[in-house]
Amino acid sequence: MSTTAHSTTPPPATAGGGQVELAIGGMTCASCANRIERKLNKIDGVTATVNYATEKAKVTYVDGIATDDLVAAVESAGYTAKLPTPPRPAGDETPAATEEADPLTALRTRLRVSAALSIPVIAMAMIPALQFTYWQWLSLTLTAPVLVWGALPFHKAAWANLKHGAATMDTLISMGTSAAFAWSLYALFFGTAGVPGMIHPFELTIARTDGSANIYLEVAAGVTTFILLGRYLEARSKRTAGAALRALLELGARDVAVLREGPGGRTEERIPVEQLAVGDLFVVRPGEKVATDGTVAEGSSAVDMSMLTGESVPVEVAPGDGVVGATVNVGGRLVVRATRIGSDTQLAQMAQLVEDAQNGKAQVQRLADRLSGIFVPIVILLTAATLGFWIGTGSGLALAFTAAVAVLIIACPCALGLATPTALLVGTGRGAQMGIIIKGPEVLESTRRVDTVVLDKTGTVTTGKMTLVDVHTAPGQDPQELLRLAGALEDASEHPIAAAIAKGATERVGTLPPVEDFVNVEGLGVQGIVDGHAVLVGRTKLLADWSQPLTAELAAAKAAAEADGKTAVAVGWDGAARGVLVVADAIKDTSAEAIRQLRDLGLTPVLLTGDNETVARSVAAQVGIEEVIAEVMPADKVDVVKRLQAEGKIVAMVGDGVNDAAALAQADLGLAMGTGTDAAIEASDLTLVRGDLRAAADAIRLSRRTLGVIKGNLFWAFAYNVAALPLAAMGLLNPLLAGAAMALSSVFVVTNSLRLRRFKALAANRDVRAGRPAGTRPAGETLTTDR
């Protein structure tokens, strides 16, 4: 039966190559995922990864393969597959014709009914005082609907797998519960268990029993209910684990006020955000969400970027500044010109990166998948061997049967299948909330091994923008007056250094006065009249030409700044040199703290830059980096990474520019600053949405913590099966206890993974939100790290 029908026209069954994400239905365990994956990968030209936790298959295929062929392959394995649903037309609020009821609701109903019927059955079997004259027949009456209807999903899945010559964990559950029920029917109708007054001794202990007078209705009902409970908790936890991604997708605005030109001037028209086009002007009032990525055309305001960066301090924006869709305008009215819409927006790309990561598989998960794929047939053989051994030793059919059923039930490796996907789901979701995008599960293994971190200087350790960093004045000169006059003159220039001085002056003294007779002296500087003063700003030669030489103090300050690789600009007016302004690519306030955190994680930082040695050494000294590689051409950065790797180092690279993309791809772990170029982000393994280097330490900590949880989950899943199977085979484990233990192991793994939701940034990285200066800590507070 085709499963691709939708309320809107489904995507065409193209025969061109590409990538598609199929929604898989009918999977009940990791063995199912492994089987579907093998089925798809048998098709020539197809590479598929099936994730049990997300219930999706990510499939890459070559030309000549139609998407319908992929769906057919999944269906031939006994499961369902759906192609992505195309977006509905704007304003279409009608529900899809084929929308199914919430599977969690159906599962909850099945669990409640089964539990209500099973509790009396288990109670009567466990408590002899409740065993009235014909209690066993009431147990049969209550157990029958649990086995037939409550366990129906297990039976259907087992039958579907049997038709395809396969066995999964549902096979084990169906066989175990059916065998327990069948044995009970035999004992009741053909044995002595149905006689009036039969007493059923039952102990929840690890001990060998022959079961000669026993019925196993409580096993059939109890195991079914316990496993339904495990499946329900698992489904609910998976939904919770994916909440971060769903929240991300739902953050965007629903409609937008677009400005339209008309005969009477500009008017506002409110339209669904889906109808917005690139180039449209739209209004964002205080308190509203920005509809899509764009550039501020009119107005100034503060924008709450916490959704995107995790940073609660609003960012000031003015005309020319970029804004991101789904962020909140908390200040004045803005008019924004749309630059990216739909799936091109930063929010949509973040969500896609998170989902891609969640659908991928780490190496540890591939090992677990392979083991679960061969585990079920081995368990069935072990069950038969257990049954044959106890019968052969003359221990009786009842004891043999009890041990065999316990082996069937305890062996289900559900926890094994959930160990990696749930941790990855929660870890990547938490990362997205913190502004850390983990692109793939293989990143987790890389973070554990990294020992060297190479840092690009410009835009990573420094701001990447020229900034006014120092003001030196002649004796008796007011620094505020110096900034006011020099800033006003530089504000009329378009040179980057002039822009840095003008911006710095505006921030420190406020509004700048107007300029008259402005002249740009090519190669030397600028001159003009400000507040009646003839002002000169530029090289010392410009001032010398007007007989305004620098004083000894100013000349020394200029020389010291240039020795540090900074740019010094001389200022004079009314016949005398008045001061020197120092401009440089300023080091980010958080960089020194970030380097300390990276060292605490056991990493050796290396500064890599195309700047001269003097500038690079100065920056490195200020942030605490000892190893510097300077004067490197952009094309040679990848060679530096290769050289470090050849020395046996496991290298992480942090960068933000187009010239860093190749090095990011070459590194064992690439981290891109989210404020950087698309090329750098595309080439990286981790994206730090904020332009804050401290996020690199948090990203590595989160990755390592996630990998640690995965390994812990796998250990307990393996340990559980290794420890419990021999007990079951020796007849020391009651089948009811086996079912409970199997269900609880899955719940443990999911619950352990959910602990990642509580992961927090380092205390020092939360300083801004706590109102403390970045990088400071209260006395006595220590920096905790995760290795």
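Analysis parameters
- Residues numbered from 1 in each chain as written.
- Predicted model: local features only at pLDDT ≥ 70, side-chain atom pairs only at ≥ 80, totals over all residues.
- Heavy atoms only, no water.
- Helix = DSSP H or I, 4+ residues; strand = E, 2+ residues; numbered from the N terminus.
- Buried < 20%, exposed > 50% of the residue type's maximum accessible area, 1.4 Å probe, protein only.
- Contact = heavy atoms within 4.5 Å.
- Areas by Shrake-Rupley, 256 points an atom, 1.4 Å probe, with all protein chains shown as cover.
- Pairing = 2+ DSSP bridges.
- Salt bridge = Lys/Arg side-chain N within 4 Å of Asp/Glu carboxyl O.
- Lys, Arg positive; Asp, Glu negative; His and termini not counted.
- UniProt positions renumbered as here; feature names shortened; annotations may be inferred.
- Phe/Tyr/Trp six-rings, centres within 6.5 Å; stacked < 30°, edge-to-face > 60°.
- Lys NZ or Arg CZ within 6 Å of the ring centre and 35° of its normal.
- Axes fitted to C-alpha atoms, helices over the stretch in contact; angles between N-to-C directions.
- Parallel < 35°, antiparallel > 145°, perpendicular 65-115°, else oblique.
- Nonpolar A, V, L, I, M, F, W, Y, C, P; charged D, E, K, R; others polar.
- Core = buried A, V, L, I, M, F, W, Y, C linked by side-chain atoms within 4.5 Å.
- Patch = residues over 30% accessible without salt bridge, like charges linked within 9 Å, V, L, I, M, F, W, Y side chains within 5 Å.
- Left-handed = near helix turned anticlockwise from the far one by under 90°.
- pLDDT = per-residue confidence, 0-100.
- Expected span 1.5 Å × (residues − 1).

Chemist: Is there a simple way to explain the overall build of the protein chain in this structure?
Modeler: Across its full length, the protein chain holds 27 helices and 26 strands. Burial status across the protein chain gives 52% buried among its 787 residues. Partitioning the intrachain contacts of the protein chain with sequence separation of at least 6 by distance along the chain shows that 70% fall at a separation of at least 24. For the protein chain, the computed accessible surface area is about 33200 Å², with 58% contributed by carbon and sulfur atoms.

Chemist: Help me understand unusual backbone geometry, please; the structure alone is not making it clear to me.
Modeler: What is expected of a backbone is that most residues other than glycine have negative phi and most peptide bonds are trans. For Asp531, which is not a glycine, the phi torsion comes out positive at approximately 50 degrees. Residues other than glycine seldom take positive phi values, yet Ser547 does so here, at roughly 60 degrees. A relative accessible area of 57% means that Ser547 is categorised as exposed.

Chemist: Mind showing me how you'd approach the pairing of strand 18 (residues 525–530) here?
Modeler: Within a regular beta strand, the side chains point alternately toward one face of the sheet and then the other, so they alternate between its two faces. Of all 6 residues in strand 18, 5 are buried; the element is thus mostly enclosed. As paired elements, strand 17 (residues 516–521) and strand 18 share 4 bridges and run antiparallel to each other. Of the residues in strand 18, the one forming a bridge with Val521 is Gly525. When strand 18 meets strand 19 (residues 533–538), the two strands line up antiparallel, connected through 6 bridges. Along strand 19, the bridge assignment pairs Val526 with Val537. Here strand 18 hands over to strand 19 after 2 residues, with Asp531 in that stretch at a positive phi of 50 degrees.

Chemist: I would appreciate a short explanation of the pattern of salt bridges in the present structure.
Modeler: Opposite charge on two side chains lets them pair, provided their charged atoms get close. Enumeration over the complete set of coordinates arrives at 20 salt bridges. Linked by salt bridges that have partners in common, Asp255, Arg270 and Glu288 make up one network.

Chemist: I would appreciate a short explanation of the side chain of Arg704 in the present structure.
Modeler: You can see Arg704 is positioned in helix 25 (residues 694–729). Buried charge Arg704 goes without a salt bridge, the closest partner of opposite sign being Asp451 at 8.7 Å.

Chemist: Explain the UniProt feature "transmembrane region" (unreviewed entry) in the protein chain to me, please; I cannot follow it from the model alone.
Modeler: As recorded in UniProt, the sites labelled "transmembrane region" (unreviewed entry) are residues 111–128, 134–152, 172–195, 215–233, 371–391, 397–426, 713–730 and 736–756. The straight-line gap between the two end C-alpha atoms of residues 172–195 is 31 Å; of that span, 79% is helix and 0% is strand. Taken end to end, residues 713–730 is 94% helix and 0% strand, and its first and last C-alpha atoms sit 26 Å apart.

Chemist: Mind showing me how you'd approach the sheet that holds strand 5 (residues 255–262) here?
Modeler: Two orientations exist for strands paired in a sheet by backbone hydrogen bonds: parallel and antiparallel. Read across the open sheet, the 6 strands follow the order 6-5-7-13-8-11; overall the sheet is antiparallel. Two strands close off the open sheet at either side, each with one partner strand: strand 6 (265–272) and strand 11 (322–323). By the bridge criterion, 2 bridges tie strand 5 to strand 7 (residues 281–284) in an arrangement that is antiparallel. For Val258, the partnering residue across the bridge sits in strand 7 and is Phe282.

Chemist: I would appreciate a short explanation of the packing of aromatic side chains in the present structure.
Modeler: Aromatic ring pairs are described here by two measures, namely the spacing of the ring centres and the angle between the planes. Tallying each qualifying case throughout the model produces 4 aromatic pairs. A centroid spacing of 5.1 Å and a plane angle of 75 degrees characterise the contact between Phe715 and Trp716, whose relative ring orientation is edge-to-face. A relative accessible area of 48% means that Trp716 is categorised as partly exposed. On the basis of an interplanar angle of 80 degrees and a centroid distance of 6.3 Å, the ring pair of Trp716 and Phe748 is categorised as edge-to-face. You can see Trp716 sitting in helix 25 and its partner Phe748 sitting in helix 26 (residues 735–754), a full 32 residues away along the chain. On the basis of relative accessible area, Phe748 is assigned to the partly exposed category, the value being 38%. Through pairs of rings, three or more aromatic residues link up here, namely Phe715, Trp716 and Phe748. Directly above the aromatic system of Trp149 lies the positively charged group of Arg110, at a separation of 4.7 Å from the ring centroid.

Chemist: Mind showing me how you'd approach the sheet that holds strand 16 (residues 462–473) here?
Modeler: With respect to topology, 6 strands assemble into an open sheet ordered 16-21-20-19-18-17, the strand pairing being antiparallel. Two strands in the sheet have a free side with no partner beyond their single neighbour: strand 16 and strand 17. Taken over all neighbouring pairs, the strand axes of this sheet differ in orientation by 20 degrees on average, direction set aside. Direction of pairing for strand 20 (residues 567–573) relative to strand 21 (residues 576–587): antiparallel, over a ladder of 7 bridges. Note that in strand 21 the partner of Ala568 across the bridge is Val582. Taken strand by strand, helix 17 (residues 496–509) contacts strand 16, strand 20 and strand 21, and its axis lies near 65 degrees from that of strand 16.

Chemist: Mind showing me how you'd approach the packing of helix 4 (residues 135–150) against helix 5 (residues 152–163) here?
Modeler: Helix packing for two helices is described by the angle between their axes and how far apart those axes are. At a minimum axis distance of 5 Å, the contact between helix 4 and helix 5 shows a crossing angle of 45 degrees. Considering their axes alone, helix 4 and helix 5 lie oblique with respect to each other. Contact residues: helix 4 offers Leu147, Val148, Trp149 and Gly150, while helix 5 offers Leu152, Pro153 and His155. Class assignment of the residues belonging to the contact of helix 4 with helix 5 gives a composition of 5 nonpolar, 2 polar and no charged.

Chemist: Please clarify how the nonpolar core should be interpreted in this entry.
Modeler: Side chains that are nonpolar tend, in soluble globular proteins, to be buried together. Residues Leu455, Leu598, Leu669, Leu671, Leu686 and Leu693 are the most contacted members of the largest nonpolar core, which totals 40 residues. Of all the secondary structure elements, the ones that give two or more residues to this core are strand 14 (436–438), strand 15 (452–456), helix 20 (591–600), helix 21 (613–623), strand 24 (651–655), strand 25 (669–673), strand 26 (686–688) and helix 25. Sort the elements by how many residues they give to this core and helix 25 lands first, with 6 residues. In contact with Leu598, not counting residues within four places along its chain, are Val453, Leu455, Leu603, Ala696, Ala697 and Ile700. With 33 residues, the next largest nonpolar core counts Val121, Ala193, Leu217 and Val223 among its residues.

Chemist: Could you clarify how one ought to interpret a nonpolar patch on the surface in this entry?
Modeler: A contiguous nonpolar surface patch, about 230 Å² in accessible area, is contributed by Val113, Trp149 and Leu152. One can find Leu152 in helix 5.

Chemist: Any chance you could explain the packing of helix 16 (residues 479–491) against helix 17 here in plain terms?
Modeler: Two elements in contact, helix 16 and helix 17, have axes separated by 8 Å at closest approach and are oriented at 135 degrees. Taken together, the axis directions place helix 16 and helix 17 in an arrangement best described as oblique. For helix 16 against helix 17, the interelement crossing comes out left-handed. Of helix 17, the residues touching helix 16 (which contributes Gln480, Leu483, Arg484, Gly487, Glu490 and Asp491) are Ala498, Ile501, Ala502, Ala505, Arg508 and Val509.

Chemist: So what exactly am I meant to see when it comes to helix 21 here?
Modeler: Residue pairs three or four apart in sequence face the same way in an α-helix, which turns once every 3.6 residues. All of the buried residues in helix 21 are Val615, Ala616, Ser618, Val619, Ala620 and Val623. Residues of helix 21 that are buried in the fold lie against helix 15 (457–461), strand 16, strand 21, helix 20, strand 22 (604–608) and strand 23 (627–629). Once helix 21 finishes, Gly624 follows within two positions and takes phi at roughly 95 degrees, a positive value.

Chemist: Looking at this model, I keep getting lost on the confidence of the model for the protein chain. Mind explaining?
Modeler: Here the protein chain averages 78 in pLDDT, and 78% of its residues register 70 or above. This stretch, residues 87–100, has a pLDDT under 50; its non-local contacts, to residues over four places away or in other chains, come to 16 contacts.

Chemist: So what exactly am I meant to see when it comes to the environment of Leu489 here?
Modeler: Among the secondary structure elements, Leu489 is positioned in helix 16. In the structure, Leu489 is positioned 29 residues away from Phe518 in sequence and 7.5 Å away in space, judged by C-alpha atoms. Those residues in contact with Leu489 that lie beyond four places of it in its chain are Val515, Phe518, Val526, Gln527, Gly528, Val530, Val535, Leu536 and Val537.

Chemist: Please clarify how the environment of Thr339 should be interpreted in this entry.
Modeler: Relative to the elements of secondary structure, Thr339 occurs in strand 13 (residues 334–340). With 17 residues separating them in the primary sequence, Thr339 and Gly322 have C-alpha atoms 9.2 Å apart.

Chemist: Help me understand helix 25, please; the structure alone is not making it clear to me.
Modeler: In a regular helix each residue adds 1.5 Å, so 36 residues correspond to 52 Å; helix 25 covers 53 Å between its end C-alpha atoms and thus fits that length. Gly731 sits one or two positions beyond helix 25 and adopts a positive phi of about 80 degrees.

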